[in-house]
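Here's the letter readout for the chains.
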Amino acid sequence: DLTGFQLDGGRQELRGDTLIIRREAGDQLRTDYRLPYAFMDLRESLEPEPLIQSDDERIIRRAREITAARSSWSQDPSRVAQELTRSVYGMLEKRITFSVPNAVQVLETLQGDCNEHTVLYVALARALGLPARTAIGLVYVNGAFFYHAWPEVWLDEWVAVDPTFGQFPADASHIRFVIGGLAQQVEIVRLIGNLDIEVINTAAAQVP
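Calculation notes
- Residues numbered from 1 in each chain as written.
- Predicted model: local features only at pLDDT ≥ 70, side-chain atom pairs only at ≥ 80, totals over all residues.
- Heavy atoms only, no water.
- Helix = DSSP H or I, 4+ residues; strand = E, 2+ residues; numbered from the N terminus.
- Buried < 20%, exposed > 50% of the residue type's maximum accessible area, 1.4 Å probe, protein only.
- Contact = heavy atoms within 4.5 Å.
- Lys, Arg positive; Asp, Glu negative; His and termini not counted.
- Salt bridge = Lys/Arg side-chain N within 4 Å of Asp/Glu carboxyl O.
- Core = buried A, V, L, I, M, F, W, Y, C linked by side-chain atoms within 4.5 Å.
- Axes fitted to C-alpha atoms, helices over the stretch in contact; angles between N-to-C directions.
- Parallel < 35°, antiparallel > 145°, perpendicular 65-115°, else oblique.
- Left-handed = near helix turned anticlockwise from the far one by under 90°.
- Nonpolar A, V, L, I, M, F, W, Y, C, P; charged D, E, K, R; others polar.

K.L.:
Explain the environment of Gln111 residue by residue, including any values.
P.N.:
Within the secondary structure, Gln111 sits in strand 4 (residues 111–112). Classification of Gln111 by relative accessible area gives partly exposed; the value is 23%. Taking the C-alpha atoms as reference points, Gln111 and Lys94, separated by 17 residues in sequence, lie 6.0 Å from one another. Ignoring any residue separated from it by four or fewer positions in sequence, one finds Gln111 in contact with Leu92, Glu93, Arg95, Val106 and Glu116.

If you want it as structure tokens, here you go:
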């Protein structure tokens, strides 16, 4: 029973029991706004949270350091989102953890798994006025599906990025089930042992 999961919307389209996932073309992502995002419709995706301390001085300072040397595009949401993906990927040592992380703690330890990469990315993005949120679901790696978390950023649509794997945008092997804080990852638990996924088709977009 997939009731209550956020499978449909954005780059995911649910048709019966078939989910179609589209990967955005990174070089074609353009936005109609400049940073910081100034509209109220995405306010929740700009505000700090207990685990995403985007208003903390240390987070703000690090976010500005990442974009400071690139003032020519520091207000371009797509370029900033891409640079944050690259920076967080390179910044953190990849290590499995067993705690619920917060962004300030991750910035201090500079290590962690997908949860740490995600909370730090979302905090840095929000500190720069880039709307960002957490997506939780599964990722297809080496022939099997595993729990995974990754950010989504607003680039005139919600675009999945993955600082854990260094992907901008994230590839189509990411299946989003839940949008929201990491506390909602417990929703994924009820799928374990009760979900049968079959990859029925993959297609690459033709590049002109």
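Here the narrative resumes, following the displayed structure.
K.L.:
With reference to specific residues and values, describe the side chain of Glu116.
P.N.:
Among the structural elements, Glu116 can be located in helix 4 (residues 114–127). The buried charged residue Glu116 lacks any salt bridge, with Arg95 as its nearest oppositely charged partner at 10 Å. Contacts of Glu116, omitting those with residues within four sequence positions, involve Leu92, Thr97, Ser99, Pro101, Val106 and Gln111.

K.L.:
So what's going on with the nonpolar core? Residues and values would help.
P.N.:
Of all hydrophobic cores here, the largest spans 38 residues; its most connected members are Ile59, Leu84, Leu120, Tyr121, Leu124, Leu130 and Val153. Where this core is concerned, the elements lending two or more residues are helix 1 (57–68), helix 2 (77–91), helix 3 (103–109), helix 4, strand 6 (144–154) and strand 7 (158–160). Broken down by element, this core gets its largest block of residues, seven residues, from helix 4. When sequence neighbours within four positions are dropped, the list of residues in contact with Ile59 reads Gln53, Ser54, Ala103, Val104, Leu107, Leu120, Ala123, Leu124 and Ala127. The next biggest cluster of nonpolar side chains, apart from the first, holds twelve residues, and it includes Ile21, Ile136, Ala149 and Val178.

K.L.:
Give a description of the packing of helix 2 against helix 4 that names residues and reports values.
P.N.:
Between helix 2 and helix 4, whose axes approach to 10 Å, the crossing angle comes to 140 degrees. Considered as vectors, helix 2 and helix 4 are oriented oblique to each other. Crossing hand, helix 2 versus helix 4: right-handed. Where helix 2 approaches helix 4, its residues Ala81, Leu84, Thr85, Val88 and Met91 are matched on the opposing element by His117, Leu120, Tyr121, Leu124 and Ala125. Counted by class, the contact of helix 2 with helix 4 contains eight nonpolar, two polar and no charged residues.

K.L.:
Summarise the pattern of salt bridges; cite the residues concerned and give the values.
P.N.:
In total, this model carries 13 salt bridges according to the counting rule given. Here Arg133 makes a salt bridge to Glu152, at a shortest N to O gap of 2.8 Å. Taken together, the residues Arg133 in strand 5 (residues 132–141) and Glu152 in strand 6 connect sequence positions 19 residues apart. The pair Arg133 / Glu152 is uniform in exposure class, with both members buried. Taken together, the shared-partner salt bridges connect Asp56, Arg58 and Glu108 into one network.

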